Amino acid sequence: MKYSELSNDDKSNLTYSQLLGLNDWQVLRKKIINRDNYICSICSKESTEKYISGDLIHFGSPSIHFYEPSGHEKDFKLELIITKRVSLHVHHTYYDLSNLPWQYPTESLQSLCAECHQNIHDTTDIPVYRNGNLIDDIKTCSRCNGSGYIHQFNYHMNGVCFMCNGDRYYLK
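The structure contained in this document is the topic of the report that follows.

Thresholds applied
Residues numbered from 1 in each chain as written. Predicted model: local features only at pLDDT ≥ 70, side-chain atom pairs only at ≥ 80, totals over all residues. Heavy atoms only, no water. Phe/Tyr/Trp six-rings, centres within 6.5 Å; stacked < 30°, edge-to-face > 60°. Helix = DSSP H or I, 4+ residues; strand = E, 2+ residues; numbered from the N terminus. Buried < 20%, exposed > 50% of the residue type's maximum accessible area, 1.4 Å probe, protein only. 1 Å grid on protein atoms, 1.4 Å probe; cavity = no way out; pocket = protein on both sides within 12 Å on 5 of 7 lines; lining within 4 Å. Points joined across faces, edges and corners; volume = space filled by probe spheres on them. Nonpolar A, V, L, I, M, F, W, Y, C, P; charged D, E, K, R; others polar.

This part is about the packing of aromatic side chains. As enumerated under the stated definition, the model contains four aromatic pairs in all. Measuring from centroid to centroid gives 5.6 Å for Tyr 3 and Trp 102, while their planes differ by 65°, and the two rings are edge-to-face. Of this pair, Tyr 3 sits in the segment before α1 (8-12) while Trp 102 sits in the loop between β6 (95-96) and β7 (109-113); the two residues are 99 residues apart in sequence, bridging distant segments of the chain. We classify Trp 102 as buried; its relative accessible area is 17%.

As structure tokens, then:
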């Protein structure tokens, strides 16, 4: 669903994580990840997910390989190869509370793997603005460190922080 298709009441009640689920953000997210060649801009891990004709395809799934080491027909070695899934996030290098997630210049967005994205939020204060003015009276969520996401809990609610509900910040 697009943001423009929502009623004003629905728009005012959306959390940040819900905004990231809208088509407006998903289109920009795909564009940024494609621009960055499906590679984390910090550690250079390649995504195991690719968008092909608009569909999300997972690569690097577990696969089974058979080997015949001795030359005998019935002596096979079974090897299960599991590739760790690498999905990319699109990181905002700053936040402006007066902007929707897709209303940023593309230069301020970068593709990061989940680990690098969380590390940035754990170790760096991301500037937060409102209408272009830096906000000093903002408190970062202490559970997710302002990412709105907890990688270890990606199996529950897609990892949305349960403390701030994905909003990332509190006004003091």
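Right, picking up where we left off after that structure.
Looking now at the environment of Gln 152. Of note, Gln 152 is situated in the loop between β10 (138-140) and β11 (169-171). Its relative accessible area of 57% is what places Gln 152 among the exposed residues.

Below, the discussion takes up the layout of surface pockets. Counted as a void, the largest pocket has a volume near 910 Å³. As for the largest pocket, its lining consists of 33 residues, of which Arg 29, Leu 88, His 89, Tyr 149 and Asn 158 are closest to the centre. Those elements giving two or more residues to the lining of the largest pocket turn out to be α2 (16-20), α3 (23-35), β1 (49-52), β5 (88-92) and α4 (114-123). Here the lining of the largest pocket takes five residues from β5, the largest share from any one element. When the residues that make up the lining of the largest pocket are grouped by side-chain class, the tally is 13 nonpolar, 14 polar and six charged. Its volume calculated, the second largest pocket comes out at about 270 Å³. Elements with a minimum of two residues in the lining of the second largest pocket: α2, β6 and β11. Top contributing element to the lining of the second largest pocket by residue count: β11, with three residues. Tallied by class, the residues present in the lining of the second largest pocket amount to twelve nonpolar, two polar and four charged.

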